[in-house]
Amino acid sequence: MRHLITLEDWKPEAIHEMLVLAARIKDHPKDYADAMRRMTLLMIFEKPSLRTRVSFETGATQMGGHAIFYDLANSPLSSGKENIQDLIRVVCRYADIIMGRLFEQEHIEEMARLSSVPVINALTNYEHPCQILADLQTIREKKGALEGLKLAYLGDGNNNVTHSLMFGCAKTGMSISVGCPPGAEYMPQEAVLASSQAIAAEQGGSIEITSDAAVAVRDADVVYTDSWMSYHIPQHKSEARVKVFTPYQVNAALMQQAKPDAVFMNCLPAVRGYEQTAEVIDGPQSVVFDQAENRLHIQKAIMLTLLGVTGG
Ligand code: CP
Ligand code: NVA
């Protein structure tokens, strides 16, 4: 049985196949109108969401299935009456496929271990694989291929999206340069760095971490940023974080140091004036809404792949 918990354990060929399937589904959505007929997707949420919730639910509906939104805040788990092990052992008896947006990576891993049906990581503090597969689909559409491209990531390095980008770029032969403040609080986690560097060495890409934003964006084909205040970061840290991340803001001057045809990406939600200026996110190089749209197509591909229903 396959799950999508981390991009680290997905083979490059499997990622490629998923991207090809997503492109086909995007071009021919009607061919997949019954691919999830009478199947149920259970969506377990411990954090807020716009894109993930709406794109997964719409995706299941468009393929003839049904999605259930389950809010953990309103569950026996949150009041301490039930544990996560019992929760997953119960719901896998009902649903055909399960996704979870949780705080702890260990909890989604535990769900995958105990579930009799496929489990999808829809974001933890540590990784966001569905987002990065949608991003790779978007870059492939804009640039024609992935191998050999350079992606510059600016801002919070100790971050789910950053970690998954490091795995995703490494697996596809891209190079990634992370421009982030020095110090363990803001840099990618050691385990991700070591593993993604090993994968990049095999696939012909590279992983660079720098505290110099200009170095990170030099010759970049893609400039990417993410929230300075991720869902799990307490509000009282806001002022200090704005100060520490401001040198990594993606503004017009920084974009000019990337390749002239570089695209700008942000997984959203975004705050104009924080991680990027309005002129960048609302400007001609921005592809953020194509990126958001591709969540729908790639997640259909993810669900069908995990369910073993790939024919359209
Ligand atoms: N990019 C993303 O996952 O957005 P949501 O938090 O709105 O789901
Ligand atoms: N790093 C962000 C991603 C949001 C989709 C967060 O965790 O809030």
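In this text, all values refer to a predicted model and were calculated from it rather than measured experimentally. (Residues numbered from 1 in each chain as written. Chains lettered and ligands numbered in written order. Predicted model: local features only at pLDDT ≥ 70, side-chain atom pairs only at ≥ 80, totals over all residues. Heavy atoms only, no water.)

Colleague: In this structure, what is going on with the site of ligand 1? I would like to understand it.
Modeller: By nearness alone, every residue bordering ligand 1 is listed as S49, L50, R51, T52, R101, H128, Q131, Y231, C267, L268 and R295. The contact in question runs from an oxygen atom of ligand 1 to an N or O atom on the side chain of Y231, over 2.6 Å. Within the side chain of R295, a nitrogen or oxygen atom sits 3.0 Å from an oxygen atom of ligand 1. When ligand 1 is considered free in solution it has 260 Å² of accessible area, and contact with the protein chains removes 98% of it. By residue class, the composition of the shell around ligand 1 is four nonpolar, four polar and three charged. (Near = heavy atom within 4 Å. Polar contact = N/O pair within 3.5 Å; in protein donor to acceptor, adjacent residues only side chain to side chain. Areas by Shrake-Rupley, 256 points an atom, 1.4 Å probe, with all protein chains shown as cover. Nonpolar A, V, L, I, M, F, W, Y, C, P; charged D, E, K, R; others polar.)

Colleague: Can you help me understand helix α12 (residues 288–307) in this one?
Modeller: In this model, α12 (20 residues) spans 29 Å end to end at C-alpha, consistent with the 28 Å of a helix rising 1.5 Å per residue. Of all bends in α12, the biggest is about 30 degrees, found at N294. With 15 of 20 residues buried, α12 lies mostly within the body of the structure. In the segment just after α12, G308 is the residue with positive phi, at about 75 degrees. (Helix = DSSP H or I, 4+ residues; strand = E, 2+ residues; numbered from the N terminus. Expected span 1.5 Å × (residues − 1). Bend = angle between axes of the 7 residues up to and from the residue. Buried < 20%, exposed > 50% of the residue type's maximum accessible area, 1.4 Å probe, protein only.)

Colleague: I'm lost on the site of ligand 2 in this one. Help?
Modeller: Taken together, L123, H128, N159, N160, D226, S230, Y231 and L268 form the complete shell of residues around ligand 2. N160 places a side-chain nitrogen or oxygen 2.8 Å from a nitrogen atom of ligand 2. A distance of 2.7 Å separates a nitrogen atom of ligand 2 from a polar atom in the side chain of D226. With the chains in place, 96% of the 270 Å² that ligand 2 exposes on its own is no longer accessible. Partitioning the shell around ligand 2 into residue classes produces three nonpolar, four polar and one charged.

Colleague: What exactly am I supposed to notice about a negative patch on the surface here?
Modeller: Where like charges cluster on the molecular surface, the negative patch consists of E46, E104, E106 and E109. If you trace the backbone, E104 turns up in the loop between β3 (97–101) and α4 (105–114). Given a relative accessible area of 35%, E104 falls into the partly exposed group. (Patch = residues over 30% accessible without salt bridge, like charges linked within 9 Å, V, L, I, M, F, W, Y side chains within 5 Å. Salt bridge = Lys/Arg side-chain N within 4 Å of Asp/Glu carboxyl O. Lys, Arg positive; Asp, Glu negative; His and termini not counted. Charge placed at Lys NZ, Arg CZ, Asp CG, Glu CD.)

Colleague: Looking at this structure, how should I read the sheet that holds strand β1 (residues 40–45)?
Modeller: Remark on secondary structure: sheet strands pair via backbone hydrogen bonds, oriented parallel or antiparallel. Pairing is parallel across the open sheet formed by four strands, whose spatial order is β2-β1-β3-β4. This sheet does not close on itself; its edge strands, each paired only once, are β2 (66–71) and β4 (119–121). The average undirected angle you get between the axes of adjacent strands in this sheet is 20 degrees. Of the strand pairs in this sheet, β3 and β4 are connected by three bridges, and their pairing is parallel. Within β4, the residue paired with M99 across the bridge is I120. Helix α2 (residues 51–62) contacts β1, β2, β3 and β4 of the sheet and is inclined by roughly 170 degrees relative to β1. (Pairing = 2+ DSSP bridges. Axes fitted to C-alpha atoms, helices over the stretch in contact; angles between N-to-C directions. Contact = heavy atoms within 4.5 Å.)

Colleague: Is there a simple way to think about the sheet that holds strand β6 (residues 175–179) in this case?
Modeller: The strand order β7-β6-β5-β8-β9 describes an open sheet built from five strands, whose pairing is parallel. Two strands lie at the open edges of the sheet, namely β7 (207–210) and β9 (263–266), each paired on one side alone. Each strand axis lies, on average, 20 degrees off the axis of its neighbour in the sheet, ignoring direction. Taken together, the four bridges between strand β5 (residues 150–154) and strand β8 (residues 222–225) define a ladder with parallel strand orientation. Note on β8: the bridge partner recorded for L151 is V222. Strands β5, β6, β7 and β8 of the sheet are contacted by helix α6 (residues 160–171), whose axis makes an angle of about 155 degrees with β6.

Colleague: Is there a simple way to think about the pairing of β2 in this case?
Modeller: It is a general feature of regular strands that their side chains alternate between the two faces of the sheet. Note: β1 against β2, six bridges, orientation parallel. Opposite T40, over in β2, you have H66 as the bridge partner. Traced from β1 through α2 to β2, the parallel crossover comes out right-handed. (Right-handed = clockwise from strand over helix to strand, strands pointing away.)

Coordinates in, geometry out; function isn't part of it.
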